[in-house]
Structure formats: structure tokens, C-alpha cells
Amino acid sequence: MKKLILILALMPVVGVSQTKKELDHNAYNIWRSVEDGLISNDGKYISYTLKRNGYGNETLLLHQFDGKEILNHDRSYNPYFSNNSEYLIFKVSPDFDEIRDLKRKKTKEKDMPGDTLAIYSLNNRQMSKLPGLKSFKVPKEWDDYLVYLFDPEPDTTKKKEKKRSKKNGFDLVLKNLKDQSEYSFPYVLDYAIAEEGPGLALITTGNDSTTKEGVYTFDFESKSFQPVYRSKGEYSQLAWDNKGTQLAFIADIDTTKALQRDYHLNYYKTEWDSSKTIANNSMLDQLMVNNDFKSFFSESGKRLFFEVKEFPVLQDTTLLDDEIVNVEVWNSSDQRLFTHQENELKDDQKFGFRSYYDPVKDRFVQLGGADFSRVTVSDEGDGNTALAMSDYNYRKLITWEGYTLNDLYNININTGEKTKILEAVRGFVSLSPNGKYAYWYNNSDSAWFAYSFAEEVTVQITNNLVVPFYNEIHDTPSDPWPYGIMSWTENDERVLIYDRYDIWEIDPRMETRAKMITPNGREKGLTYRYIKLDEEERFIKKGQKLLLSGFYKDTKREALFSFTYGKNTPSELISGNYQYSSFEKARDGKNLIFTQENFQTFPDVLASDISFKSVKKISDINPQQKDYKWGTIELVYWTSLDGQKMEGMLVKPEGFDPKKKYPMIVNFYEKSSDALNRHREPFPGRSTITYSFYASRGYLIFNPNVNYKTGYPGEDAYNCVIPGVTSLIEKGFVDEKNIGVQGHSWGGYQIAHLINETNIFKCAESGAPVVNMISAYGGIRWGSGLSRMFQYERTQSRIGGSLWEYPLRYIENSPIFFVDKVQTPVLIMHNDEDGAVPWYQGIEYFGALRRLGRPAWLLNYRGEPHWPVKVQNRIDFNIRLAQFFDYYLKGASMPKWMRDGVPATELGINQGYELTDE
């Protein structure tokens, strides 16, 4: 009888809903996200990796295209399909907990377990594993082979054999997956494979017996490794042409410790016995080969591109430390601030002048130079058009304008001679695929331009008379950006350009009128955009079938369209209240994978052919979501205090009852409502609340858009946000006594301003806020080394001019000057390595609030940048944030860290999470 009762107790009761759980911080280790989504070249197989949002092992899955699961392999990641779609190759990692235990035991890095290489046959469903993996490469377009580097077990019979290590190298294996034959080579430091044809090259330190130090290639006919260059020295930058018939590398064979190096650029053809040096110090005029640049071949292989550079300025090594003067000399005539120079020091040291070697004519041509920041050659390096850009005389502008200008030069591809064609061009200049035109968008003119190399004329190709091609809702005191280029057409005949909604076909010569090729996007509030499914596609052909996405501005729903270029009539394939993304198409077929998501729907992997008539759900990554309270999201509307129609998002808890009152958190940053259908799974975010987490626990979340004008961004935020909050209070379901607000960076600043002006919020979290625009104005963005001036004058801070032009604006928009009005308890998060907003801004804010006796807390995650990036710190931030809001908005107990703080003596020891009785 007891047995029967037990069975009945375990059976679900039909018609009675199971109690759903609230999300907590343990959910981070339960929820997983998708990475490395792949489809095989033949379209028959799909693989992806699952990664936990908190801590834990990754898992690799393999499916047939029909959805059948073939493989579920724990501790695995980084999948690759072989070119012939017969194998799946991936890495197997050590167990996450095992690694943590070894770290606690202070195990040395060299004694830690490494990855294992897994090779899974898709034909016979068998798997082999090879431990000690260091790296592997899968040929892109040649079959049967796999190349990997691994650390073999020591051979105890060879006592004098040198150890494998990063310095000495590891063993390289070329494995024939078809017949399982293997060809190995010891003490390999680096290796490279060709894309289209069989080509394998390696660098070895040699084993002092049968193999000498140098560069070797594998001969696929004799099935043996052949020396290309053998000598003591250091080798680097292996580079094949696409077909695997030409190789380049850099050799440093000077075994002395001379500071001034003589790098040799070597060139090799597979029919040769050895390589030859094509550039070194003696062959160059007061220049040296740039060893920091990896040379590359043009698409056809007719040119080898490399770089040369000036000899570095060397330190006098005879000086003692107390004889070296370390003083920074800042000069107002410098084109870049000293901090900007320091930030770009490594790039400057690696900067070289683009050149190429012509194997047929056995000569090289220098295209770049010290004053030229960028050089491009048309037709994937095979073309006869070369363009150089120089911003050398305009770099100061970036300090207060946020951009530089460029002079453009046409380079004679045969001689390297440069002819200036345009001065002071604003915008990023590119070449059309065949090199007939240089084209760019000039922000100052809000227009697209094209320069014809044949006719030597510049043509403005958009004029904004019919529709604007610039950002229509641009709201900073700077010139607006464009919506972008879709593509060029075959032979550079036309360029396809986006406006806010539609796609336009434009003649770069302007001999024919521009033509809108998508129907009525603007009338429908429908934005068309091209989804490129072939990563190697360079232009669009007439009659080519394309996949377009469509976004409906008012409802935020999306659609996918089939579109034949030339017929210009989109045909809807699929639509819904979703976001569609992560498209990957099989190279040799019509099958593809993608995701669709909304607030309730996780972006699982879906499969279809390009007709989308039959969509299959391949993955079910977070089935546990059904066991948790979740919530819903919707658009809400109101009118700002200055009469603008406003839009935002409102998240409601599951089982929402409009007759009840709920605590609410207001969270915003610029405009977010277009992301209505983004999925928001439990995730330890670095700077913002997780909507599903708080909705699950009974909160409303309101995210209002903010419209800005120039001069008073704080007032603009008040005008937009506060009436949005009051409009929701008027609906009766918001607990007006329990409303909090949270935001980071620009959002953190807005919140600091708001709580100066209103007491509607019971508590506030302000992350990395600029509270003093005067002290911040002349500072440095340490992440880039740039002055902060341009940010306030021209971009997000929206003041519209300099400190001396508009001193009152800087004061009135700085919360620190009115902080005595604050009555709201404030949690601040600002980290000491913040490269975007000076850390002292958070300190100024906390210090002022503390001086005034206001409840305030400052979180500084030591060594972290603008937001915490380490998992443990992100989880900690989310725990404290939830405790902060729960205390003020739900009446929960105050945690110890809020009541007593965490003293310096307990830093990193006690977190103070435990709840108190106050």
C-alpha cells in the first residue's frame, strides 16, 4: 500500500499547473549560449558549441540536417568540418573542475593537462582522439588532410633528446584522414597551410641530428618533408599563395645580439630546391623588411605583398639606469597627443610601407611611405589601381572633432609613383571591386562620392533631394553618418546604397538617374537590408537571387525576403515577431542555419533551405526555461514634456495582474526599443540589469527611449523619461513608492542628473557616470589616449561646443554642481582601470554624496575596465545589484556590505552578502 501511495505522489496531476521557480543567481551556470554554429559544405550536417553563462565545461553537438542528434560531447569546442564534409574535427578540453583543483594545488602551467584533438568520421560514426594538442588547421579547399601540432609523450629511450616546449617547438603531424597515414616532423614552432591547393610549410628548431633548423615544406608527391632554408636563426611569417605553389617567410640569420636587425624576406616556389632572398637591408635604400607584417599573395598569386619600414631609434645600451632621463615632452605642434602616441606605440613600431614583389619580373615596388596611413590595391591585389591615403597633416582634428581628413593619391602600380588626386577628404575611402572608382561618404556634405580613375573626376552620387541617405534620426552635434553600402554590381557598373528603408541602384558616373530597387519600404516603415551568405562574394550580378531582411519600424517585427536583382520585387519567405540572425549557408548547396529570437524564445539553431518553406528546430538548448517564471515585453507610448511622441519597452512579470501594484526598475541608454524582440536570458551582465531575472522575481522593467537636442542632454533625459514613468503610474499597476533606476556610462550620467531633479526614484544605481563635465572635459580617454574634448563638443555628451564657448552648459549638465539636491540612495560602480570614463568621476560623486550624508556606495572592481569582465566580478556585481534593489523596492533585509561596508582588511576575503536585521 505504501508503494502505491509513493507512485501516486510522483505522478503529475492533470490540469494542475506545476509551480514555476523564480530565477536566481544559480541560473548563470544552468543557462547556456550558442557559439561556433557551422554547417558542412554539403549541407548535411550541423555543429555548434554550448557555453555556460557562468562557470563550467563547454559541450559540442553534431546533428544531421533533419535535426537528428549524432553526437553530444562534453568538454568540447572549436569545431571544423573537413572540406569534403566527411569529418568533424574539434578540441576536447580538460574538465573545468579538474583544472580549478589543480590551480588550487599550485600546479605549474607546464604540468597542467592540455587539450585533446578529436576526429569524428561522419561516414562510419567513429571517433579517434589524440592528446597533447597545441593547435590544428583544417584545409579550406583540399580534401583528406588534417594538420596538427602536439606535445608527444617523452621518449625515455632517448635520454639526450631535447624537451618539447614553446621555445624548442612541438611535433607536427600531417594526417591523411582517408588512409590514416601520418607524416610527422619534430620541434616545430609554427606552420602554415594553403587554402586552395595542398601546401604545408613549417618552421623548426631542429633536433641536432637528422633535422636542421630552418623552414621546410611537405612534398605531396614524394610524401616527404623537404628543406627550403636551413641555417641557425629565427624564422617567422609563413605565407602561402592560394594554390600552394608559392611561399614567403622572414629569416633573421644574424646570431649575434645586435640591436639593429637584418631581416631577410625569402621567396620560394615548390619546384625549386631552395628559397631565395628578395629583400634585406643591403637590397633596400635606408629601409628594412618589416618583420611584424605577415606578407600575403594577391588572389591569383602574381604579386607578393610585404612591408618595409624605417630603422628604429635605438637606446644607447652603455647608459646606466641612473643616467637615463625619462621625461615626456608634450608639444602643442604635435599631430597627436603624447598619450595618443603612447596608446598607438606598438602600432607605430610595427608600421610599415606597403610594397610588392613581382615574381615574373623579379623586382619589388614600394607603394607606401611614412606619410601614408593606408594603401589598397584593387581586385584583391591583382588590379592595376592602387590608392594611398594620408592623414598626416590632419591628425590634430581628432582631439576636438573626433575625426581626421585624408589626402588621396593615385599610385602607379608599376613604379610606385604617387599623384595627389584629392585633398582633405572626410570619410573612409574604399576601392570598387575592379578598381574603376574610389568611393566614400563625406559626413560634412551628408553625401556619397565617387572618383573615376579613368576620367579623373569626382562625382557626388547622392544629393538627398528625393530621400536622405544620411541618418535621419541623428541627434548629436556632429555630422550624420550614412546607412551604408550594400554592394557593387558586376564590372563596377552600379553601386547599391541604403537609405533608412530602401536600397538604391546608383550610377557612379551619374549618367542615369538613381533607381529605388525595393518597393515602398519608406511608405511601409519597412527597412530592407541584404544578408550576405557567401563570404567571398565581391559584387552582385544581374539575375542573382538574394536574401533580404526586413524590419518594420512601428511593430519591430521582422521578415525575410527572396529578391532577384534586376526584377526588384521582394517575395516574403518568413516573418514574425522575431529577430532573425546568425545565418550560415552550406557552400555547396541550398541548406542553411539561422536563429530566431524574441523575449520568450531563445535563439536556438534552426535549419532550412533558402526557400524557408520548412524550418526545423535543431537545438533545444535551454529547455529548463519552461520551469521558471519569465515574463512578457511590449511597446508603450507617451508624450514627452516638450511634446514629442515617445516610445519604449515595458517588461511585465509572468502572470501579470493589472489590478496589482508592482515594483519597477527604469533602465535606459539612448534608444533601445528596436531591440524589442531580443532574447534576454539569465546572464551576469557587466553593466546592466538582466530583464528576465528581474521579471521572474516580480519586477516591472521600463526602458524608455530618449530624444536629444544639442546643449542640454540632462534636461532631455528628464523630459523623456519622467513623463514615461508617470504615464505608467497612471495605469495603476506600478507601485509608485517603489521605483528604482539603473544605467551605466552615458546611462549612469543621465541617472545622476535625474536624481538631482526628482525624488520619484526610491534608489538608483549609476555606473561609471560623468558627473563633472568640466573636470572631465580636458582629460584623457585612457583606453585610446585621445582627449575627451570631442566627446563633449561633438558626440554623445551633446554640449555642442567648447568649455569656453558654453561654460554654463557644462555647469548645468554636470550633476556634481547640484548634488546637494539628491535625496535618493545611490549605488555607484566605477572601476580603477576604466579607459572610457575617468575613475575619479565616480570618486567625485561618491565623495560629494558622502560629504552630504547621503546613503551611497561605490564598487570598484580592481584592475577592471569600463565594466567588470571577469566572470566572478560580473556575478558579484549582479548579486549586489539585486540585493540593493530588493532592499529598497521589495523590503528585503539589508545585506551586510550595505550596512557595514567591507573594510580594506577583508578585501577579497568577505563579500558581505549575508542579510542583516539592520
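Residues numbered from 1 in each chain as written. Predicted model: local features only at pLDDT ≥ 70, side-chain atom pairs only at ≥ 80, totals over all residues. Heavy atoms only, no water.

Draft legend 1. Focus on a nonpolar patch on the surface. On the surface, Val325, Val327 and Val329 cluster together to form a nonpolar patch covering roughly 320 Å² of accessible area. Along the chain, Val327 falls in the loop between strand E21 (304-309) and helix H3 (338-343). Classification of Val327 as exposed rests on a relative accessible area of 58%. (Patch = residues over 30% accessible without salt bridge, like charges linked within 9 Å, V, L, I, M, F, W, Y side chains within 5 Å. Areas by Shrake-Rupley, 256 points an atom, 1.4 Å probe, with all protein chains shown as cover. Salt bridge = Lys/Arg side-chain N within 4 Å of Asp/Glu carboxyl O. Helix = DSSP H or I, 4+ residues; strand = E, 2+ residues; numbered from the N terminus. Buried < 20%, exposed > 50% of the residue type's maximum accessible area, 1.4 Å probe, protein only.)

Draft legend 2. Molecular detail of the packing of aromatic side chains. This model, assessed by the stated rule, comprises 55 aromatic pairs. Here the aromatic rings of Tyr437 and Trp488 are separated by 5.7 Å at their centres, their planes lie at 15 degrees, and the arrangement is stacked. Taken together, the residues span a long stretch of sequence, with Tyr437 in strand E29 (residues 437-442) and Trp488 in strand E32 (residues 485-488) at a distance of 51 residues. According to the relative accessible area criterion, Trp488 is buried, its value standing at 3%. Taken together, Trp142, Tyr145, Tyr183, Phe185, Tyr216, Phe218, Phe220 and Phe225 form an aromatic cluster joined through their ring pairs. Of note, Arg809 hangs over the ring of Tyr806, and the distance from its end group to the ring centre comes to 3.8 Å. (Phe/Tyr/Trp six-rings, centres within 6.5 Å; stacked < 30°, edge-to-face > 60°. Lys NZ or Arg CZ within 6 Å of the ring centre and 35° of its normal.)

Draft legend 3. Focus on the pattern of salt bridges. For the structure shown, the criterion picks out 46 salt bridges. Here Asp507 and Arg509 are joined by a salt bridge, their closest N and O atoms 3.4 Å apart. Under the relative-accessibility criterion, Asp507 is labelled buried at 1%. A salt bridge links Arg587 to Asp588; its shortest N-O distance comes to 3.0 Å. Residues joined by salt bridges that share partners form a network here, namely Glu493, Arg494, Asp507, Arg509 and Glu511.

Draft legend 4. Fine view of the environment of Ile689. Note on placement: Ile689 falls in the loop between strand E46 (662-667) and helix H7 (691-696). Residue class for Ile689 comes out buried when judged on its relative accessible area of 4%. Between the alpha carbons of Ile689 and Phe539 there is a distance of 42 Å; along the sequence they are 150 residues apart.

Draft legend 5. Spatial organisation of unusual backbone geometry. For Asp144, which is not a glycine, the phi torsion comes out positive at approximately 75 degrees. Looking at where Asp144 falls in the secondary structure, it is placed in the loop between strand E8 (127-137) and strand E9 (145-150). Look at Asn491: it is not a glycine, yet its phi comes out positive at around 60 degrees. With respect to the helices and strands, the residue Asn491 is situated in the loop between E32 and strand E33 (495-498).

Draft legend 6. View of the confidence of the model for the chain. Summarising the model, the chain shows a mean pLDDT of 94, and 97% of its residues fall at 70 or more. Contacts from residues 1-17, a stretch scored under 50 in pLDDT, to residues over four places away or in other chains number 0 contacts. (pLDDT = per-residue confidence, 0-100. Contact = heavy atoms within 4.5 Å.)

Draft legend 7. Structural view of the sheet that holds strand E41 (residues 591-597). Taking strand neighbours across the sheet as the criterion, the 4 strands line up as E40-E41-E42-E43 in an open arrangement whose pairing is antiparallel. The two strands at the open ends of the sheet, each matched to only one other strand, are strand E40 (579-585) and strand E43 (616-617). With 2 bridges joining them, strand E42 (residues 605-609) and E43 adopt antiparallel strand pairing. Looking at E43, one finds that Leu606 is bridged to Lys617. (Pairing = 2+ DSSP bridges.)

Draft legend 8. View of the sheet that holds strand E16 (residues 246-252). An order of E15-E16-E17-E18 is seen for the 4 strands of this open sheet, with the pairing classed as antiparallel. Edge positions in the sheet fall to strand E15 (234-240) and strand E18 (276-279), since each of these pairs with one other strand and no more. Each neighbouring strand pair of the sheet contributes to a mean axis angle of 30 degrees, computed without reference to strand direction. Relative to strand E17 (residues 264-269), E16 runs antiparallel, the two being bridged by 6 bridges. Across the sheet, residue Ala251 finds its bridge partner in E17, namely His264. (Axes fitted to C-alpha atoms, helices over the stretch in contact; angles between N-to-C directions.)

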